[in-house]
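Architecture at a glance
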Amino acid sequence: MADRRPMWENLGMDLEAHDQLCAVLPVAFGDIYLSQENRPENMAFYDMVVADIHGIRPQELLDAQADGRKVFGTFCVYVPDEVIIAADGIVTGLCGGSQFWVPEGEKVLPKSMCPLIKASVGARLGRTCPYFRVADMYIGETTCDGKKKAWEILGEDVPMHVMDMPQMKRPRDHEKWVGEIEDLAGVVEETTGNEITPESLSEAIRIVNEKRRALSRIYEARKSKTIPISGKDALLVVQIAFFDDPERCAQMADKLADELEQRIADGVSVFPEGTKRIMITGTPMAIPNWKMHHLVETSGGAVVCEESCTGTRYFEHQVDNSADTLPEQYKALADRYLNINCACFTPNETRIEDIIRLAKEYDVDGVIDVHLKFCTLYDTESESVQDALKKAGIPVLALETDYDDSDAEQLRTRIEAFLEVLD
Ligand code: BJ8
């Protein structure tokens, strides 16, 4: 593997602290991922990405910057990548998924804030993640209160543009979101020095739609009675999609989907027959947060779907690419993005409808509704999720978790008991 230290040093990283992170990640990945049996061969690509996660892609981003391109860091699936790509910018997801970054975040944020926000702020301020260093600009969004305040803190350290999310989905909110997308386009044009044209935006829509289509194929395969891929592996594919090049992401996802379809035809499952099929709903699981999937899949269950932003919310619904003027294209983008159902919206029956629909499509035996500690949005909405699932006759278990592992054994006991009840 290439020596990445000169690159990290040039990025102004804290090498000593970063070494500590580099020491724990491979061990965790080995225990959680490489210990799995009968994995699809095409997971080798994703293993390779993780093995050099702070090397290969950051170097690609730096090479692109040397060619005059700009990198935009994002934190939410409502931010339309297409606008950035249309101006020849590059998007990289930045949500922090490791407890390692939390203490640094807690220096400037209250402890009673969700770990995803604390880790994201900590990764930047602690200078221990190259993606947070490479990005020329961050794009935030006003989805939850914690994020809104985090942008103010991060904005003192890095150029930041914040998109003002509507909280409802009425026609006037839709119009507002179109305006926010147009504003983003202006900021991106100014930062990149490139004009967005109907042609460049149409090409960007095509590229991101292709990525969504390829990821959907993997999820489609997970609907089969023969489960061709573990939930952990599928989660990793989506987590990596957030920062990989979108065209390569589609190619690799297509290759993996080909293999999964062949496995289904050959009856090759990664789980014994009769393993209980579980859907996980709730807050996103940013890399390297693999905790809940690992607990379920080492307790005798199989995760076959995630209703989350590191799951179906990321890739469901294509953008209509038939328009040929920028105003119509921005409207088409707003249509697609406002179709995502995050708990930050009110009312939010459409998310409940999604959950019931997905539970049926993936033929699940039970649902585990998970929220990160201090995420009041998903915590509060959990009641309606549970009620709706119970009414539909689908068993549900609600769990709260944090990034650290202190609750792991308690969670395992509850998951095992839930799986037993499903039996
Ligand atoms: S569209 S889920 S990516 S906001 S877990 S930071 S909500 S307190 S991440 Fe999210 Fe966009 Fe919604 Fe998806 Fe706040 Fe909750 Fe923390 Fe969250």
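Residues numbered from 1 in each chain as written. Predicted model: local features only at pLDDT ≥ 70, side-chain atom pairs only at ≥ 80, totals over all residues. Heavy atoms only, no water.

What follows is about the overall build of the protein. The helix and strand tally for the protein stands at 19 helices and eight strands. Here the C-alpha atoms of the protein give a radius of gyration of 21 Å, agreeing with the 22 Å that 2.2 N^0.38 yields for 423 residues. Summarising its shape, the C-alpha atoms of the protein cover approximately 60 × 50 × 45 Å along the three principal directions. Per-residue burial over the protein gives 59% buried out of 423 residues. Contacts spanning at least 24 positions in sequence make up 76% of the contacts within the protein whose residues lie at least 6 apart. Surface summary for the protein: the accessible area is close to 17000 Å², and the carbon and sulfur share equals 50%. (Helix = DSSP H or I, 4+ residues; strand = E, 2+ residues; numbered from the N terminus. Rg over C-alpha atoms; globule rule 2.2 N^0.38 Å. Buried < 20%, exposed > 50% of the residue type's maximum accessible area, 1.4 Å probe, protein only. Contact = heavy atoms within 4.5 Å. Areas by Shrake-Rupley, 256 points an atom, 1.4 Å probe, with all protein chains shown as cover.)

A turn of α-helix holds 3.6 residues, and therefore any two residues three or four places apart point the same way. The end-to-end C-alpha separation of helix 19 (residues 408–422) is 21 Å, in line with the 21 Å expected for 15 residues at 1.5 Å each. Of the residues making up helix 19, those classed as buried are A408, L411, R412, I415, F418, L419 and L422. Along helix 19, the residues classed as buried sweep out an arc of 130° about the axis, all on the same side. More than 90 degrees from the buried face of helix 19, the exposed residues found are E409, Q410, T413, E420 and V421. The secondary structure elements touched by the buried residues of helix 19 are strand 5 (276–282), helix 14 (291–297), strand 6 (301–307), strand 7 (366–372) and strand 8 (396–401). (Expected span 1.5 Å × (residues − 1). Arc of directions from axis to C-beta.)

Another point: the nonpolar core. Membership of the largest hydrophobic core comes to 149 residues, with the highest contact counts inside it found for Y46, L236 and I368. The greatest single-element share of this core, amounting to ten residues, is contributed by helix 11 (residues 198–222). In this view, L236 contacts F29, Y33, M43, Y46, D47, V50, I287 and W290; residues no more than four positions away in its chain are not counted. (Core = buried A, V, L, I, M, F, W, Y, C linked by side-chain atoms within 4.5 Å.)

Moving on: the packing of aromatic side chains. Enumeration over the complete set of coordinates arrives at 13 aromatic pairs. Between the aromatic rings of Y78 and F345, the centroid separation amounts to 5.6 Å while the plane-to-plane angle is 50°, which identifies the pairing as tilted. Linking Y78 in the loop between strand 1 (71–74) and helix 5 (81–86) with F345 in the loop between helix 16 (326–337) and helix 17 (349–361), this pair joins segments that are 267 residues apart in sequence. F345 gets classed as buried once you look at its relative accessible area, which sits at 3%. (Phe/Tyr/Trp six-rings, centres within 6.5 Å; stacked < 30°, edge-to-face > 60°.)

What follows covers empty space enclosed by the protein. This structure, assessed with the given rule, holds three cavities of 30 Å³ or more. Quantified by volume, the largest cavity comes out at close to 70 Å³. What lines the largest cavity is E307, T312, R313, E316, H317, N339, I340, N341 and D354. In this structure, the second largest cavity is lined by T283, P284, M285, N289, K291, M292, V370, L372 and T401. Among the secondary structure elements, those contributing two or more residues to the lining of the second largest cavity are helix 14 and strand 7. Class assignment for the residues of the lining of the second largest cavity results in five nonpolar, three polar and one charged. (1 Å grid on protein atoms, 1.4 Å probe; cavity = no way out; pocket = protein on both sides within 12 Å on 5 of 7 lines; lining within 4 Å. Points joined across faces, edges and corners; volume = space filled by probe spheres on them. Nonpolar A, V, L, I, M, F, W, Y, C, P; charged D, E, K, R; others polar.)

Let us now look at the layout of surface pockets. Volume-wise, the second largest pocket comes out at about 500 Å³. As for the second largest pocket, its lining consists of 21 residues, and the residues nearest its centre are A28, I32, P288, Y403 and D405. If you list the elements that add at least two residues to the lining of the second largest pocket, you get helix 2 (15–34), helix 14 and helix 19. The element best represented in the lining of the second largest pocket is helix 2, accounting for five residues. Across the lining of the second largest pocket, the residue classes tally to eleven nonpolar, five polar and five charged.

Assignment of secondary structure puts R39 in the loop between helix 2 and helix 3 (43–51). For R39, a relative accessible area of 16% gives the class buried. Not counting chain neighbours up to four residues away, the residues in contact with R39 comprise Y33, L34, D47, D233 and R263.

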